[in-house]
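Fold and contact review
If you want the building blocks of each chain, they are given just below.
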Amino acid sequence: MSGQANENNRSGAAGRGPGGGGPGGPGGPGRGPGFGPPGMMAMPGQKAKNFKGSFRRLLGYLKPFRFKLLLVFATAILSTVFSILSPKIMGHATTKLFEGIMGKIKGVPGAAIDYHGIWNIVAILAGLYVLSSIFGYVQQYMMAGVAQKTVYRLRNDVNEKLSRMPLKFYDSRTHGEILSRVVNDVDNISNTLQQSLTQLITSVVTLIGVIIMMLTISPLLTLILVLTLPLSFLVIKAIAGRSQTYFKGQQKHLGELNGHVEEMYTGHQIVKAFGHEKKALAKFDGINDELYDAGWRAQFVSGIIMPLMSLIGNIGYVAISVVGGVLVTRGSIKIGDIQAFIQYARQFTMPITQTANIANIIQSTIASAERVFELLDEQEEVPEAKEELDVSRARGNVAFRNVSFGYKADAPLIEGMNIDVRSGQTVAIVGPTGAGKTTLVNLLMRFYEVNEGAIAVDDVDITRLKRGNLRSLFGMVLQDTWLFNGTIRDNIAYGRVGATEDEIVEAARAAHADHFIRTLPDGYDTILNEEASNLSQGQKQLLTIARAILADPAILILDEATSSVDTRTEVQIQKAMNALMEGRTSFVIAHRLSTIREADLILVMNKGSVIEKGTHEELLAQGGFYADLYNSQFSDSGARSAV
């Protein structure tokens, strides 16, 4: 699971790759005399299959905030416009200062520096900068709220959708794939809404505004600047194409390295047991060498773009300075306007590169949105019924009536199954792997829907019951224990909402777990970590039995709960399960046939059908499939055979 999620994280990071060029980043404002594109364009991200459709659907989530978005756009435009006006006004101050100094040098009568006018301009500039900052703050504040509320709604929709998905949805997909859509893709949408959308607006407004301001100063200088762009784009295209190949290689080798490391660390006991440490290290060294080579080439090739952009930018800078100087000497342009033009020239190429980068980010974001929408469009469970059984009065009678089922339409697994289980009976289900034992339980709890026939609990068809109500009738103890990060008390109390301390302790005693819990340093307050590695497998199983006892269900499902523990612990767990099963209808899936001798009914399954049924003695007397299974486990020649 984590491997898949990590792979998606790596892909997302690599997709942004060598891009630079955001404000304050490499090549941002104040970078130096060069004013070529501040960084190479980011590598194209994942593309959406239906960009327009997914984009419209995402806009649907933004529709409730349209008035706030209009305010965001307005403040973004005003903030940018005020910042664009500043260089031009600053140029007026420079012109006034220059004219005063030149007047004194030339001996013009009454010539003086107009400090009052300059201070007025400075005051106007200060006001513009303050207004620009205020509007920028309002823009960011409003957009943060819109983005988070939008993503909040989207996450809720995804979470509610997942709760309505059938078990087959989870069985057919890796956990990593689902997590990637729920976490990575939604986060990608959130980041784009909060940052890239407003940056796109400011970049477009800046580009248009700067072009207008430069044209008002000098169309000739604007033409000179524009003529450097084709050369810049040629360099970007040549280098970006080359570096993209290396960055893809870097991403590929990084994924291989992370996968290898994860594999080796999670399976380090097996690696050591079979003496493969040197082989694992050699493989790591090989992948690491390939990663180093691809990474070095990618960083080197993408790194040379900035010197080349600086070179092109400096050529344009020199041309503008020379031509501008000539124009000033001729009186065609004021010196303050040259200063303003140079500042605009530095701002000119930054929004071009930002817009290109953001276009790629938006493309990737719409692809993420599309993946989320695909999840939201998945086929859900059969619509919820409204009828409920009174759990406190449930007797636990179960009937399978001519039930047929297959995970695939063309591959039936169970055909024409008929079973009648009376209240309080213990029903054991045995058979080889793939016989359909767990499928029987999945159908009983409506994790899957039957293709034909019906299943009834207390003479009520389970399709007429609410799923939550139906499942509250059952308690489950599975082979693979599930404990969450929390105290032992919380894990036991998970079985019933509002359970008292006395009830929790009583359930632990009934499960033969109270003694070992009290031997722990913090007793019932002991915190279980993610894997509950501070407990043995048997202790964890006893806790799950205590949880089931506290739930006090009408029907129990025990899925080979003792298969992974030692014989002594198995005796303890068997005692706990016997106490749990007393007076309840119980379905016991068993591989160890010694544990189900006392069952009221044993169902022998093979290839999806119940081929034999009866008590232990009756089935042995028949000398059929069950007898062969039983004898293979307990005969000298078959004692080690797997059922």
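Computed from a predicted model, the values in this text were never measured in an experiment.

**Remarks on the overall build of the protein**
Of the regular secondary structure elements, the protein holds 21 helices and 12 strands. The burial tally for the protein puts 45% of its 643 residues in the buried class. Summarising the internal contacts of the protein: among those between residues at least 6 apart in sequence, 78% fall at separations of at least 24.

**What about the sheet that holds strand β10 (residues 585-589)?**
Taken together, the six strands give an open sheet; going across it, the order is β6-β9-β10-β3-β11-β12, and neighbouring strands pair in mixed fashion. Of all strands in the sheet, those bounded by a partner on one side alone are β6 (474-477) and β12 (609-614). Strand-to-strand twist across the sheet, computed as the mean angle between neighbouring axes with direction ignored, equals 20°. As paired strands, strand β3 (residues 426-430) and β10 are joined by four bridges and run parallel to one another. Bridge pairing links V427 to F587 in β10. Running over the sheet, helix α13 (residues 437-444) touches β3, β6, β9 (555-559), β10 and β11 (601-606) and is turned about 145° from β10.

**Structural notes on the UniProt feature "transmembrane region" (unreviewed entry) in the protein**
Under the UniProt annotation, "transmembrane region" (unreviewed entry) lies at residues 65-85, 118-138, 197-215, 221-240 and 304-328. Taken end to end, residues 118-138 is 100% helix and 0% strand, and its first and last C-alpha atoms sit 30 Å apart. Taken as a whole, residues 304-328 contains 96% helix and 0% strand, while its terminal C-alpha atoms sit 36 Å from one another.

**A closer look at the pattern of salt bridges**
For the coordinates displayed, the defined rule picks out 16 salt bridges. The residue E449 makes a salt bridge to R446 at a minimum N-O spacing of 2.8 Å. Looking at E449, the relative accessible area reads 25%, which means it is partly exposed. Since its relative accessible area comes to 2%, R446 is described here as buried.

**A short note on the packing of aromatic side chains**
Each aromatic ring pair is described using two quantities: the centre-to-centre distance and the angle formed by the ring planes. Applying the stated criterion across every chain yields a total of eight aromatic pairs. The interplanar angle of 10° and the centroid separation of 6.0 Å between the aromatic rings of F51 and F55 together place this pair among those described as stacked. Here F55 and F51 lie together in helix α2 (residues 51-62), a separation of four residues that amounts to about one turn. Aromatic side chains F484 and Y494 sit 5.4 Å apart centroid to centroid with 55° between the ring planes, which places their arrangement in the tilted category. Residue F484 is located in the loop between β6 and β7 (486-487), and its partner Y494 is located in the loop between α15 (488-493) and α16 (501-510); the two are separated by 10 residues in the primary sequence. Among the residues examined, Y494 registers a relative accessible area of 52% and is labelled exposed.

**A closer look at the confidence of the model for the protein**
Model confidence for the protein is summarised by a mean pLDDT of 78, while 85% of its residues fall at 70 or above. Segment residues 1-44 is flagged for pLDDT under 50; beyond a separation of four residues in sequence, or across chains, it makes 99 contacts in the model. In the model, residues 636-643 has pLDDT below 50 throughout and makes 10 contacts with residues more than four positions away in sequence or in other chains.

**Quick notes on the side chain of T150**
Mapping T150 onto the fold places it in helix α4 (residues 115-163). Beyond its immediate chain neighbours, meaning those up to four positions away, T150 contacts Y61, L62, F65 and L193.

What counts, and where the lines are drawn
Residues numbered from 1 in each chain as written. Predicted model: local features only at pLDDT ≥ 70, side-chain atom pairs only at ≥ 80, totals over all residues. Heavy atoms only, no water. Helix = DSSP H or I, 4+ residues; strand = E, 2+ residues; numbered from the N terminus. Buried < 20%, exposed > 50% of the residue type's maximum accessible area, 1.4 Å probe, protein only. Contact = heavy atoms within 4.5 Å. Pairing = 2+ DSSP bridges. Axes fitted to C-alpha atoms, helices over the stretch in contact; angles between N-to-C directions. UniProt positions renumbered as here; feature names shortened; annotations may be inferred. Salt bridge = Lys/Arg side-chain N within 4 Å of Asp/Glu carboxyl O. Phe/Tyr/Trp six-rings, centres within 6.5 Å; stacked < 30°, edge-to-face > 60°. pLDDT = per-residue confidence, 0-100.

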